[in-house]
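Structural features, examined
Below are the chains, spelled out letter by letter.
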Amino acid sequence: MSLQLTFSTSDRFFRKSSFLLWPTGSGAPNSRTYLCPANMQNEDLFKQVVAHAKEYGFVFQSSELYDGLSAVYDYGQNGVELKKNIREYWWRSMVQLHQNIVGLDSAIFMHPRIWKASGHVDGFNDPMIDNKDSKKRYRADVLLEDYQEKNRQKIQKEVEKAAKRFGASFDESMFIKTNPRIQELAAANERIDQILKDGLESGELGIVKSLIEELGIVCPVSGTKNWTDVRQFNLMYSTQMSATENGEDSLYLRPETAQGIFVNFLNVQKTGRMKIPFGIAQTGKAFRNEIVARQFILRMKEFEQMEMQFFCKPGTELTWYSHWKEARMKWHLSLGADVRHYRFHDHVKMAHYANAAVDIEFEFPFGFKEVEGIHSRTDFDLGRHEEFSGKKIRYFDPESNDSYIPYVVETSIGLDRMFLLTLCRCFKTDLSGGEPRTLLSLPPALAPIKAAILPLIKKDGLPELAERIFNDLRYDFACYYEEKDTIGKRYRRMDAIGTPYCITVDHESLAQEDVTLRHRDSMHQERVKISALRDILSANTGMNNLLRSL
Ligand code: ATP
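Rules and cut-offs
Residues numbered from 1 in each chain as written. Predicted model: local features only at pLDDT ≥ 70, side-chain atom pairs only at ≥ 80, totals over all residues. Heavy atoms only, no water. Helix = DSSP H or I, 4+ residues; strand = E, 2+ residues; numbered from the N terminus. Rg over C-alpha atoms; globule rule 2.2 N^0.38 Å. Areas by Shrake-Rupley, 256 points an atom, 1.4 Å probe, with all protein chains shown as cover. Lys, Arg positive; Asp, Glu negative; His and termini not counted. Charge placed at Lys NZ, Arg CZ, Asp CG, Glu CD. Axes fitted to C-alpha atoms, helices over the stretch in contact; angles between N-to-C directions. Parallel < 35°, antiparallel > 145°, perpendicular 65-115°, else oblique. Left-handed = near helix turned anticlockwise from the far one by under 90°. Contact = heavy atoms within 4.5 Å. Nonpolar A, V, L, I, M, F, W, Y, C, P; charged D, E, K, R; others polar. Buried < 20%, exposed > 50% of the residue type's maximum accessible area, 1.4 Å probe, protein only. Pairing = 2+ DSSP bridges. Domains from an automatic or database assignment. Phe/Tyr/Trp six-rings, centres within 6.5 Å; stacked < 30°, edge-to-face > 60°. Lys NZ or Arg CZ within 6 Å of the ring centre and 35° of its normal.

**Thoughts on the overall build of the protein**
Looking only at helices and strands, the protein has 18 helices and 24 strands in total. Taken over C-alpha atoms, the radius of gyration comes to 26 Å for the protein, in line with the 24 Å a tight globule of 550 residues would show. For the protein, the spread of C-alpha atoms along the three principal axes comes to 80 × 65 × 55 Å. Accessible surface computed for the protein: about 24500 Å², of which carbon and sulfur atoms make up 50%. Looking at charge distribution, the protein has the averaged site of its 73 positive side-chain charges lying 1 Å from that of its 75 negative ones.

See the structure below:
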């Protein structure tokens, strides 16, 4: 969750300056070097991904028929399958693989006092600023973050230039420590952090505006520095419980799923006879009135979260925090991403109740962005609910014979962001065959369709045999049958939605009881027996292999 009660702002403001980048080729994110992965930033690539998502039924703008609703999206026939598979992989890795983690599906509507207790009513704010000329609204902290990102890119360039100049003798960490230009840029970024923190903590938003002016930050639309004052803006949507609007029965659409877990802690612990340490996992919709919605489904007003709150004994939380930090990174990498496109981003300054927090970031075509947060939240949430509800929320520990409010380590990942990450990572243009071929090299377990069954032509009994194969396999796998168009066109369509296997039925199949199995990424084709298809698909498209790799 992204709330800082004391600072009246969200945690995204307090996480600058400590990137842990992975050294090239290393297996663990433990280096402090500034060696960035190959530059993947590419606006064109991102535009292609967005267009592809629409063209192939993954994501549509919500209410498109009525000119669209900004920052709200619908998932189409292929998107819904991909999303479901990502959710399932997360769920099975959390709940099925852990004896001490159970699931929950709490309601979106909750008692309004829950949001008072959690701090969201008073503190779930973003500082906004408007440009008077373009009339566009921005998050003040994001304008500053973008400025800092440019400084980081400049640092990166200095390092790359020096690495080229000095060759094998280049001592990168020494260079970073001693190069005056890098020192200057890093100090400028630290100063921005400090002023932003001071302004948000004290509520003196004037200093944030002055900083934006001083840095010469202009509106990307009007190009001017004609800014309004910075104001706080609460991100929660509210609605009414009953038909009469009397103001007392206001409800909030939940801005995170976590609170549903906290308020059910005792229910689950008692009915499930859970012993600490244990976790509760939940996936579901969350709503935030984001001021600036950008980058497609990266930041939406209605989105889905996959959260797990892990309850542990006070004093053990940092061990569990390290455990979940590693475990979650392993989960991401198990899907086949290049390690260099991930990094940990430590929160340097934290709210008083959190004692550790980190973001897992992925390098999207538009730069590194948070995908998941891991937060050690002490006993803050359960303690606040105890205070506000007036009911004890304690765990009796039979081993130590005492009662306490458990500490919490949470892992919180955005399903839509994970979806976008997957699309960006797997979208490829293959030039090896002469004509460009667009493909989504999705991990087979996540692919919307596992196999397409295609009769080479629409006669001579081939459709009948292909249908027989389809009817046999569809009980176990998401399959697709198609007989229209040339086989080449059908292969291309399947490549574009990430189908790992195409099964082609030809004349030989009738006599030999075999088919051509085409592999999506390599386009390799092999002849296999129809009777072997089930085993091949199970071994290569199931989630078991992924789960076993964790
Ligand atoms: P950000 O700084 O990007 O707004 P946050 O720190 O507010 O994120 P959390 O409150 O920690 O995010 O939420 C956990 C996860 O939920 C995030 O890592 C992200 O993947 C996802 N998420 C948060 N806000 C949105 C949104 N508006 N649209 C889509 N996903 C979101």
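**Comments concerning the packing of helix H1 (residues 43–55) against helix H13 (residues 415–426)**
Axis separation between H1 and H13 bottoms out at 10 Å; the angle between their running directions is 110 degrees. Judged on the interaxial angle alone, H13 and H1 are roughly perpendicular. The element H1 and its partner H13 pack so that their crossing is right-handed. Note on element contacts: H13 touches H1 through Leu420, Leu423 and Cys424, opposite Phe46, Val49 and Ala53. Its residues assigned to classes, the contact of H1 with H13 comprises six nonpolar, no polar and no charged.

**Comments concerning the environment of lysine 164**
Tracing the backbone shows lysine 164 in helix H5 (residues 140–166). Here lysine 164 falls in the exposed class, since its relative accessible area comes to 76%. Taking the C-alpha atoms as reference points, lysine 164 and histidine 323, separated by 159 residues in sequence, lie 38 Å from one another.

**With respect to the sheet that holds strand S23 (residues 514–519)**
Remark on secondary structure: sheet strands pair via backbone hydrogen bonds, oriented parallel or antiparallel. Taken in spatial order, the five strands make up an open sheet running S21-S20-S22-S23-S24, and their pairing is mixed. Looking at the sheet topology across the chains shown, the edges are occupied by strand S21 (479–481) and strand S24 (525–529). Taken pair by pair, the neighbouring strands of this sheet meet at an average axis angle of 25 degrees, ignoring direction. In this structure, strand S20 (residues 451–455) lies alongside S21, joined through three bridges in parallel fashion. Pairing of alanine 451 across the sheet is with cysteine 479, part of S21. In the packing of helix H15 (residues 487–497) onto the sheet, contacts are made with S20, S21, strand S22 (501–505), S23 and S24, and the angle to S20 comes to roughly 170 degrees.

**Points about the domain arrangement of the protein**
In terms of domain boundaries, the protein breaks down into domain 1 (6–114 + 235–426), domain 2 (137–231) and domain 3 (442–549). The C-alpha-based centres of domain 2 and domain 3 are spaced at 51 Å.

**Here we look at the packing of aromatic side chains**
Under the counting rule described, the total for this entry stands at 20 aromatic pairs. An angle of 85 degrees between the planes, with centres 6.4 Å apart, marks the rings of phenylalanine 262 and phenylalanine 311 as edge-to-face. One end of the pair, phenylalanine 262, is in helix H9 (residues 258–262); the other, phenylalanine 311, is in strand S11 (residues 302–312), with 49 residues separating them in the sequence. Assessed through its relative accessible area of 0%, phenylalanine 311 is described here as buried. Ring pairs connect the aromatic residues Phe46, Tyr342, Phe362, Phe364 and Phe366, which therefore count as one cluster. Over the aromatic face of phenylalanine 344 sits the side chain of lysine 325, whose NZ or CZ is 4.8 Å from the ring centroid. Directly above the aromatic system of tyrosine 491 lies the positively charged group of arginine 518, at a separation of 4.4 Å from the ring centroid.

**Re unusual backbone geometry**
Phi is mostly negative for residues that are not glycine, and the peptide bonds are mostly trans. In this chain, isoleucine 276 is followed by proline 277 through a cis amide linkage whose omega measures 10 degrees. Tracing the chain through its elements places proline 277 in the loop between helix H10 (265–271) and strand S10 (278–287). Phi at serine 63 is positive, roughly 55 degrees, even though this residue is not glycine. Following the sequence through the fold, serine 63 ends up in the loop between strand S2 (59–61) and strand S3 (73–75). Although it is not a glycine, alanine 71 sits at a positive phi angle of roughly 65 degrees. Of note, alanine 71 is situated in the loop between S2 and S3. For alanine 71, a relative accessible area of 7% puts it in the buried group.

**Details of the sheet that holds strand S5 (residues 125–130)**
In space, the three strands of this open sheet follow the order S6-S5-S7, with antiparallel pairing throughout. If you trace the sheet from one side to the other, it starts and ends with strand S6 (137–139) and strand S7 (231–234), each paired once. Strand-to-strand twist across the sheet, computed as the mean angle between neighbouring axes with direction ignored, equals 45 degrees. Direction of pairing for S5 relative to S7: antiparallel, over a ladder of four bridges. By the bridge assignment, asparagine 125 is partnered in S7 with asparagine 234.

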